[in-house]
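Coordinate inspection notes
Now for the letters of each chain:
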Amino acid sequence: MKFILYGNSSSMNRGCEAILESTIDIMDKVFGESEYLNAPPRYFSPEELGYYGVRIKHLPPPIRTRFSLAWFKYQIYRVFFQTTVDPFCHYLPEAKALLAIGGDNYSLDYGKPRRYLEVHNRVLKSGVPLVIWGASIGPFSKDPDYEKYITGELRKVNLICARESETVDYLKSIGVEENVRLVADPAFALSPVKPETIDANLSDRLEEGAIGLNFSPIIQRYMGGESDWMTVASRCLDELLDVVDCPLILIPHVIQPGNDDREFMKKVLTLIKPEKQQKVMLIDTPYRCREMKWIISQLKAFIGARTHATIAALSSCVPTISIGYSMKARGINQDIYGHQKWLVPSTEIKDSGLAKVAQAFMSDLEGTKAQLTQTMPSYREGAYRAAEYIKEIYV
């Protein structure tokens, strides 16, 4: 079988890499070994696309410089036909389904998802089943007119596989219900791989029972007010070192230019006192998503801002605090823990919120780990349910 996977970003974002690789694992398990066309929404270099195999073909759109032939062609199709002319369109007649992957493309976090709706039109006109795969959707309530419009568009989708219950509840509230199923993010099914070589310092800290910490530069846009996230992050790190009595490992999960956890955390580390810097290690090696998941799985606990870094931890039964800025963190925490007390909203982090939650969290690590160990096997199966729904209904 041939499936088109549309909408994922660069593999330099290890969460996007995890979505791509785990989706292939899941679909292979349910449908048998299949062929996959990876169609990102914009041009990426071979290095950025990352994963290569005999059964996956990368089909990024061409670079559309302003007023080039490709740019004019795209504009004509977008304006007059509300559709797309990307390379994957050539393969639609051969495809069993198109899976719109990417996690949170259908929200206002990155602007209106116009690009994805153009793809919807092309796919639906072709008759190929359209599946929104393992996603968080919305909310669009800040723009009532657009919310009304996208409600109609979402009703046209053949199947929406929502990765957490908050998305399901939101979609129900706007009248999108019949085509919605609750699943789990595909990355919960990602298998870890131990790196062939590991830095001795990293190995030592993992054996000592280290806590992992991931700070993302993207939090700045969600903090509100005039707070400087780098300054706040350095204070959070300083306060955490007073609260926890074990090594801290800074774990980058996105290393894209302009959106680089590694560079951000390097700068944060320089803002704390030198004697405290000695207690902290930053992973500087660009481990792949499966390798990074293995490292995270060896931690005593994890605190993370990147959603897929927290998914790597939670799915490995590592007690986890999420630094949340959208519904995806709220929904995943509620579904797994049954509460949100291990979630620190980005709007509250500047008031020493992270240290306060971490202090309570550290006193209940054993209970949290036991809960994850008990609930995670069945929760992880939710990632496979998405493929079963496709098989049951459309293929």
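Scroll up to find the structure this text is about.
Here we summarise the structure given alongside this text. The structure displayed is predicted, hence computed values, not measured ones. Residue numbers here run from 1 along each chain, matching the order of that chain's written sequence. Selection of residues for local features in this predicted model requires a pLDDT of at least 70, selection of side-chain atom pairs for listing and counting requires 80 or more, and totals for whole chains, interfaces and linings are taken over all residues. Each side-chain value is worked out from all heavy atoms of the structure, with water and hydrogens disregarded.

Next up on the list: the environment of Ile303. Strands are runs of DSSP state E lasting at least two residues, helices are runs of H or I lasting at least four, and both sets are numbered from the N terminus onward. As for its placement among the helices and strands, Ile303 is situated in strand β13 (residues 301-304). Partly exposed describes any residue whose relative accessible area lies between the buried limit of under 20% and the exposed limit of over 50%, with all areas from a 1.4 Å probe on protein chains only and scaled to the type maximum. The class of Ile303 is buried, set by a relative accessible area of 4%. Here, two residues are considered to be in contact whenever any of their heavy atoms come within 4.5 Å of each other. Residue contacts for Ile303: discarding those within four places in its chain leaves Gly212, Leu213, Asn214, Leu240, Ile321, Ile323 and Leu354.

For two strands to count as paired, DSSP must find a minimum of two bridges between them. Pairing within the open sheet is parallel, and its seven strands lie in the order β3-β2-β1-β4-β5-β6-β7. On the outer flanks of this sheet lie β3 (56-58) and β7 (180-182), each paired with one strand and no other. Strand-to-strand, the axes of this sheet are offset by a mean angle of 20 degrees, without reference to chain direction. Summarising the sheet, strand β2 (residues 35-39) and β3 pair through three bridges and their orientation is parallel. Along β3, the bridge assignment pairs Tyr36 with Ile56. Sheet strands in contact with helix α4 (residues 114-126) are β1 (2-6), β4 (97-100) and β5 (130-135), and its direction is about 145 degrees off that of β5. Orientation is described by axes fitted as lines to C-alpha atoms, over the contacting stretch for helices, and by angles from 0 to 180 degrees between their N-to-C directions.

In this section: the packing of helix α13 (residues 327-337) against helix α15 (residues 365-393). Close contact between α13 and α15 brings their axes to 9 Å; oriented N to C, the two are set at 100 degrees. Here α13 lies roughly perpendicular to α15, going by the angle between them. In this structure, α13 contributes Ile332, Asp335, Ile336 and Tyr337 to the contact, and α15 contributes Thr368, Gln371, Leu372, Thr375, Met376 and Tyr379. Following the grouping adopted for this structure description, the nonpolar residues are Ala, Val, Leu, Ile, Met, Phe, Trp, Tyr, Cys and Pro, the charged ones are Asp, Glu, Lys and Arg, and the polar ones are all others, Gly among them. For the contact of α13 with α15, a count of residues per class yields six nonpolar, three polar and one charged. Any angle between 65 and 115 degrees counts as roughly perpendicular, while under 35 counts as roughly parallel, over 145 as roughly antiparallel, and the rest as oblique.

For Phe, Tyr and Trp, where Trp contributes only its six-membered ring, two rings pair if their centres lie within 6.5 Å, and the inter-plane angle classes them as stacked under 30 degrees, edge-to-face over 60, or tilted in between. A full pass over the atoms with the stated rule returns 11 aromatic pairs. Ring geometry for Phe3 versus Phe31: centroids 5.1 Å apart, planes at 55 degrees, classification tilted. Residue Phe3 is located in strand β1, and its partner Phe31 is located in helix α1 (residues 14-31); the two are separated by 28 residues in the primary sequence. On the basis of relative accessible area, Phe3 is assigned to the buried category, the value being 0%. Centre to centre, the rings of Tyr146 and Tyr149 are 5.7 Å apart; their planes meet at 50 degrees, and the pair counts as tilted. In this pair, Tyr146 and Tyr149 both sit in helix α5 (residues 144-156), three residues apart, roughly one turn of the helix. The exposure class assigned to Tyr146 is buried, which follows from its relative accessible area of 10%. The structure contains a cluster of three or more aromatic residues connected by ring pairs, namely Tyr6, Phe88, Tyr106 and Tyr116. Lys29 extends its terminal NZ or CZ atom over the ring of Tyr384, reaching a point 4.3 Å from the ring centre. In this scheme, Lys NZ or Arg CZ marks a charge over a ring once it lies within 6 Å of the ring centre and within 35 degrees of the ring normal. Directly above the ring of Tyr389 sits Arg181, whose terminal nitrogen or CZ lies 5.9 Å from the centroid.

Attention now moves to the layout of surface pockets. For the largest pocket, the calculated volume is near 850 Å³. A pocket, in this scheme, is an open set of points on a 1 Å grid over the protein atoms alone with protein on both sides within 12 Å along at least 5 of 7 lines, while a cavity is a set where a 1.4 Å probe fits but cannot get out; residues line either one if an atom lies within 4 Å of a point. As for the largest pocket, its lining consists of 36 residues, of which Ser9, Asn13, Asp104, Asn105 and Tyr110 are closest to the centre. At the level of elements, α1, α4 and α12 (307-314) are the ones that each hand at least two residues to the lining of the largest pocket. The residue makeup of the lining of the largest pocket, split by class, is 11 nonpolar, 15 polar and 10 charged. Counted as a void, the second largest pocket has a volume near 390 Å³. Lining the second largest pocket are 17 residues; nearest its centre among them are Asp109, Tyr222, Tyr325, Ser326 and Arg330. Contributing elements (two or more residues each) for the lining of the second largest pocket: α13 and β15 (343-345). Within the lining of the second largest pocket, the residues separate by chemical class into seven nonpolar, seven polar and three charged. Grid points are joined across faces, edges and corners, and a volume is the space filled by probe spheres set on the points.

The next point concerns the side chain of Asn8. Tracing the backbone through its elements, the reader meets Asn8 in the loop between β1 and α1. Counting of polar contacts relies on pairs of N or O atoms within 3.5 Å, with two restrictions inside protein: one atom must be capable of donating a hydrogen and the other of accepting it, and residues adjacent in sequence are counted only when both atoms are side-chain atoms. A distance of 2.7 Å separates the side chain of Asn8 from the backbone oxygen of Cys16, its partner in a polar contact.

Any Lys or Arg side-chain nitrogen found within 4 Å of a carboxyl oxygen on Asp or Glu counts as a salt bridge. As enumerated under the stated definition, the model contains 21 salt bridges in all. Residue Glu17 is joined to Arg14 by a salt bridge in which the shortest nitrogen-to-oxygen separation is 3.7 Å. Of the two residues, Glu17 and Arg14 both sit in helix α1, three residues apart, roughly one turn of that helix. Just as Glu17 is buried, Arg14 falls in that class too. We note a salt bridge from Lys276 to Asp238, for which the minimum N-O separation is 3.0 Å. Of the two residues, Lys276 sits in helix α10 (residues 274-277) while Asp238 sits in helix α8 (residues 229-243), which places them 38 residues apart along the sequence. Given a relative accessible area of 13%, Lys276 falls into the buried group.

With that settled, consider the side chain of Asp260. With respect to the element layout, Asp260 can be found in strand β11 (residues 259-260). For the charge count, each Lys or Arg is scored as positive and each Asp or Glu as negative, with His and the chain ends excluded. One buried charged residue, Asp260, forms no salt bridge at all, with the nearest opposite charge on Arg262 at 4.3 Å. Residue contacts for Asp260: discarding those within four places in its chain leaves Pro217, Val254 and Ile255.

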